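# Structural overview for review
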Amino acid sequence: RRRRRGAARETEAAAQDARFRLNPYAGWYHFDQSSFEEGFETSDVESDPIYGLRLAIGGIGGWSLDLAYGRTKIDAEGTLGGDVELSTDATIQLFYGALDWHLPLTGPLDLFLSGGLGGIDTDFDGDLDRGGTDVLLNYGAGVAIPVRSLRVRADLKDQVDFCEAPEEFDADALDACFEDDALHNIELTGGIEIPL
């Protein structure tokens, strides 16, 4: 029994020190609709949950790297001039790399700060069939807790969309913003890290 317990502990320790970990995640995504509020007399944007996958590269101490992809949808409604109504939905895809700095703490809790760059693609569905890809900057923090050979991970990030508005407003050239702006989309996610 002692040998089995010792072997199990060694297996768990090796899994926690794995250089590569896969992190499927899901969570809450708040789309910053401030640009819609500036462009329309009334606006209402609702976000679906976000789903995604991260590949974490590096040890738990010091620095590590995340390569990530996330996907969500929004439903947008608005009015222009009191009589022109817009109703559409859009698929949002995020892809980025982020550096994580793990705080030098003792104990099983792994707290880290995170920041990175990538792209955010907004693809409007239906008749509009428009959208675009913008530069994405993200920063935030996270925590991971070991559970046997796995780790439970939670992240809070500000996904900043640096979007460029069309020179003239045109519903056929609709993007995430109607003026050059930095949209602060807040993301709160949780998932399991699986050692590879």
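Our subject is the structure listed above.
Residues numbered from 1 in each chain as written. Predicted model: local features only at pLDDT ≥ 70, side-chain atom pairs only at ≥ 80, totals over all residues. Heavy atoms only, no water.

## Notes on the overall build of the protein chain
The secondary structure content of the protein chain amounts to two helices and nine strands. Scanning the protein chain from its N terminus toward the C terminus, one meets helices and strands in the order α-β-α-β-β-β-β-β-β-β-β. When the 196 residues of the protein chain are sorted by exposure, 39% land in the buried category. Nonlocal contacts in the protein chain, meaning residues at least 24 apart in sequence, comprise 64% of its contacts between residues at least 6 apart. Surface accessibility of the protein chain: about 10,700 Å² in total, with carbon and sulfur atoms responsible for 56%. (Helix = DSSP H or I, 4+ residues; strand = E, 2+ residues; numbered from the N terminus. Buried < 20%, exposed > 50% of the residue type's maximum accessible area, 1.4 Å probe, protein only. Contact = heavy atoms within 4.5 Å. Areas by Shrake-Rupley, 256 points an atom, 1.4 Å probe, with all protein chains shown as cover.)

## Examining a negative patch on the surface
Together, D44, E46, D48, D75, E77 and E85 line one region of the surface with negative charge. Those elements that provide at least two residues to the negative patch are β2 (42-47) and β4 (62-80). Positionally, E46 belongs in strand β2. For E46, a relative accessible area of 48% gives the class partly exposed. (Patch = residues over 30% accessible without salt bridge, like charges linked within 9 Å, V, L, I, M, F, W, Y side chains within 5 Å. Salt bridge = Lys/Arg side-chain N within 4 Å of Asp/Glu carboxyl O. Lys, Arg positive; Asp, Glu negative; His and termini not counted. Charge placed at Lys NZ, Arg CZ, Asp CG, Glu CD.)

## Points about unusual backbone geometry
Across residues other than glycine, the phi torsion is negative in most instances, and most of the peptide bonds are trans. Non-glycine residue R148 carries a positive phi angle of around 55 degrees. Checked against the element boundaries, R148 lands in the loop between β7 (131-147) and β8 (150-163).

## Observations concerning the pairing of strand β9 (residues 181-195)
Where strand β1 (residues 20-30) meets β9, eight bridges bridge the pair, whose relative direction is antiparallel. Note on β9: the bridge partner recorded for W28 is L188. Pairing geometry for β8 and β9, over 13 bridges, is antiparallel. Bridge pairing links R151 to E193 in β9. (Pairing = 2+ DSSP bridges.)

## Comments concerning the nonpolar core
One finds Y29, F31, I92 and L94 to be the most contacted residues of the largest nonpolar core, which totals 16 residues. At the level of elements, β4, β5 (84-102) and β6 (110-124) are the ones that each hand at least two residues to this core. Take this core: its biggest share by element is five residues, from β5. Sequence-distant contacts of I92, defined by excluding residues within four places in its chain, comprise Y29, F31, G70, R71, T72, I74, I120, D121 and T122. (Core = buried A, V, L, I, M, F, W, Y, C linked by side-chain atoms within 4.5 Å.)

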